[in-house]
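Breakdown of the fold
Chain residues, written in single-letter form:
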Amino acid sequence: MRIVLISTPIGFLGSGKGGGVELTLNSLVSGLIALGHSVEVVAPKNSKLHESNVKAKLHFVEGEDQISWQHQNYNSHVSIPDNSLLAGMLEKGLDIAKHSDLLLNMSYDWLPIWMTLNLEIPIAHIISMGSESLVIRNLISKVYAKYPNNFAFHSKMQANDYPFIKKPTIIGNGFNLDNYIFQDSVKGPLAWVGRVAPEKGLEDAVYVANELGEKLKVWGLIEDDMYASKIEKSFPQGAIDWMGFLSTDQLQKELGKCRGLINTPKWNEAYGNVVVEALACGVPVIAYKRGGPSEIIQHGQTGYLAEPDDKKNLLYYVEIIEKIKRKKCREWVERNASVDIFAYKVVNWLNKVIIEYK
Ligand code: UDP
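A short tour of the structure in this document, coming up. No experiment lies behind these values; they were computed from the predicted model shown. (Residues numbered from 1 in each chain as written. Predicted model: local features only at pLDDT ≥ 70, side-chain atom pairs only at ≥ 80, totals over all residues. Heavy atoms only, no water.)

**A few points about the nonpolar core**
The biggest cluster of nonpolar side chains holds 58 residues, and the ones touching the most others in it are Leu202, Leu216 and Leu261. The residues touching Leu202, leaving out its near neighbours within four places in the chain, are Trp192, Val196, Leu216, Val218, Tyr227, Ile231, Trp242 and Thr264. If you look at the next biggest cluster of nonpolar residues, it comprises 28 residues, including Val29, Ala124, Ala152 and Val347. (Core = buried A, V, L, I, M, F, W, Y, C linked by side-chain atoms within 4.5 Å. Buried < 20%, exposed > 50% of the residue type's maximum accessible area, 1.4 Å probe, protein only. Contact = heavy atoms within 4.5 Å.)

Listed below in structure tokens is the structure:
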């Protein structure tokens, strides 16, 4: 297949603003190329693909970012800025797609989904979030009625937010295992990784570490400064060890030294890349039983699932985390979330989409 991939219209690839989509896109590109497909990526200016993806052609587009939907009201209208990056990426993508088999959209936004109704070339959508916008949810419902194959989701829990989709295509996610080194650090610190934003619930992880008299190591982009400083003020000084946003290689080296990752989603997390990245390093995960992490973590085998928003329950499981065998964490990723497995699932799905247009 010749595939044109549209990136997220929030931040350039490598900025961290696009969250998990950035890593997912890179995994997908390498998986598709390894299977012999050709991939061109349309992405914001300054974007970088991983070194292993040199075979993919990267097209840059300049323009204004979209506002992330999870930080707007559920009933917000669609807003498209002047000199829209999203519109620019779609224009560019459509132009290249004249010589391609399919457009693959990775942005969670209204415009590319609406275009499905008006294009002759197949356009498939990887939906990267739960239902964060009424207008997008309703549009997916409308497009689904005509094109039932064109949507894929990362987890069943995520797809549950779109109950009108009868048999959702679940593609999981993929990780290049070579990029993550197993470490047997049973005595290390506690970690938290993610965008520092309200939907990620950092405060509950700080609570747990603080109860244990420990500093919590926090990696990730501070997306919401006010939220970060509010958390900082509500705990004793120095409760958080801010480690900043690191590249995958640096992050996995540091993360692997930790004895556990605390994952505290307050929203219906579509997947939870950081959960799998921790497991790949041998780090067990204690998470709220909510969204993607509740499908990834094998309770009692690769970590523990606590009752959502129950900090005491979270603390209880963190205290027994050494019972988990770190090798089992890595093995789960090898068996369930490699780049190859992910790319196979995506290709099977895209083949169905293409057939629908013949
Ligand atoms: N991440 C990173 N460096 C950091 C912290 C996080 O590259 O220092 C990446 C991480 O690898 C993951 C992404 O940020 O791919 C977060 O994705 P996740 O699916 O966990 O949440 P999202 O931000 O998409 O809601």
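**Here we look at the pairing of strand β2 (residues 38–44)**
Burial analysis of β2 places five of its seven residues in the buried class, the great majority of the element. Bridging between strand β1 (residues 2–6) and β2 involves five bridges; their strand directions are parallel. Counterpart to Ile3 in the pairing with β2 is Val39. Where the polypeptide runs from β1 across helix α1 (residues 20–34) and back to β2, its parallel neighbour, the crossover connection is right-handed. Two elements, β2 and strand β3 (residues 57–61), share five bridges in a ladder whose sense is parallel. Each bridged residue has a counterpart across the sheet, and for Ala43 the counterpart in β3 is Phe60. (Helix = DSSP H or I, 4+ residues; strand = E, 2+ residues; numbered from the N terminus. Pairing = 2+ DSSP bridges. Right-handed = clockwise from strand over helix to strand, strands pointing away.)

**Topic: the sheet that holds strand β10 (residues 240–244)**
Read across the open sheet, the six strands follow the order β10-β9-β8-β11-β12-β13; overall the sheet is parallel. Where the open sheet ends on each side, the last strands, each with one partner, are β10 and β13 (303–306). Going from strand to strand, the sheet's axes swing by 25° on average, the running direction of each strand aside. Note: strand β12 (residues 285–288) against β13, four bridges, orientation parallel. The residue of β13 that forms the bridge with Val285 is Gly303. Running over the sheet, helix α9 (residues 273–280) touches β8 (190–193), β11 (260–263) and β12 and is turned about 170° from β11. Here helix α11 (residues 311–319) sits on the sheet and contacts β8, β11, β12 and β13; the angle it forms with β12, its principal contact strand, is near 165°. (Axes fitted to C-alpha atoms, helices over the stretch in contact; angles between N-to-C directions.)

**Considering the pattern of salt bridges**
Enumeration according to the criterion identifies 15 salt bridges in this entry. Between Arg2 and Asp101 there is a salt bridge, with its nearest N and O atoms 3.3 Å apart. A residue pair is termed long-range when its members are at least 10 positions apart, and Arg2 in strand β1 and Asp101 in the loop between α2 (85–97) and β4 (102–105) qualify at 99 residues. Take Arg2: its relative accessible area is 41%, and that puts it in the partly exposed class. What emerges from the salt-bridge pattern is a single network uniting Asp204, Lys266, Arg290 and Asp309. (Salt bridge = Lys/Arg side-chain N within 4 Å of Asp/Glu carboxyl O.)

**Some words on unusual backbone geometry**
Among all residues save glycine, negative phi is the norm, and among peptide bonds the norm is trans. Although it is not a glycine, Asn46 sits at a positive phi angle of roughly 80°. The phi dihedral of Asn83 is positive, around 55°, even though this residue is not glycine. Along the polypeptide, Asn83 turns up in the loop between β3 and α2. Under the relative-accessibility criterion, Asn83 is labelled partly exposed at 48%.

**Observations concerning empty space enclosed by the protein**
The final tally for this structure, using the stated rule, is two cavities of 30 Å³ or more. The computed volume of the largest cavity comes to approximately 90 Å³. Lining the largest cavity, in full, are Leu23, Asn26, Ser27, Ser30, His50, Ser52, Phe175, Asn176, Asn179, Tyr180 and Thr248. Along the walls of the second largest cavity sit Val186, Arg259, Pro284, Ile321, Glu322, Ile324 and Arg326, which together make up its complete lining. By residue class, the composition of the lining of the second largest cavity is four nonpolar, no polar and three charged. (1 Å grid on protein atoms, 1.4 Å probe; cavity = no way out; pocket = protein on both sides within 12 Å on 5 of 7 lines; lining within 4 Å. Points joined across faces, edges and corners; volume = space filled by probe spheres on them. Nonpolar A, V, L, I, M, F, W, Y, C, P; charged D, E, K, R; others polar.)

**Focus on the environment of Lys167**
Its place among the elements puts Lys167 in the loop between α5 (156–159) and β7 (169–170). Spatially, the C-alpha atoms of Lys167 and Trp349 are 13 Å apart, while their sequence positions differ by 182 residues.

**Focus on helix α7 (residues 225–233)**
Here α7 has its buried residues at Tyr227, Ala228 and Ile231. An end-on view of α7 places all buried positions within 100° of arc, on one side of the element. Exposed residues lying more than 90 degrees from the buried face of α7 are Asp225, Met226, Lys230 and Lys233. Turning to α7, the residues buried within the fold contact α6 (202–211) and β10. N-cap assignment for α7: the residue whose side-chain oxygen lies 3.3 Å from the backbone N of Met226 is Asp224. (Arc of directions from axis to C-beta. Polar contact = N/O pair within 3.5 Å; in protein donor to acceptor, adjacent residues only side chain to side chain.)

From the geometry alone we can't say anything about function, so treat these as descriptive.
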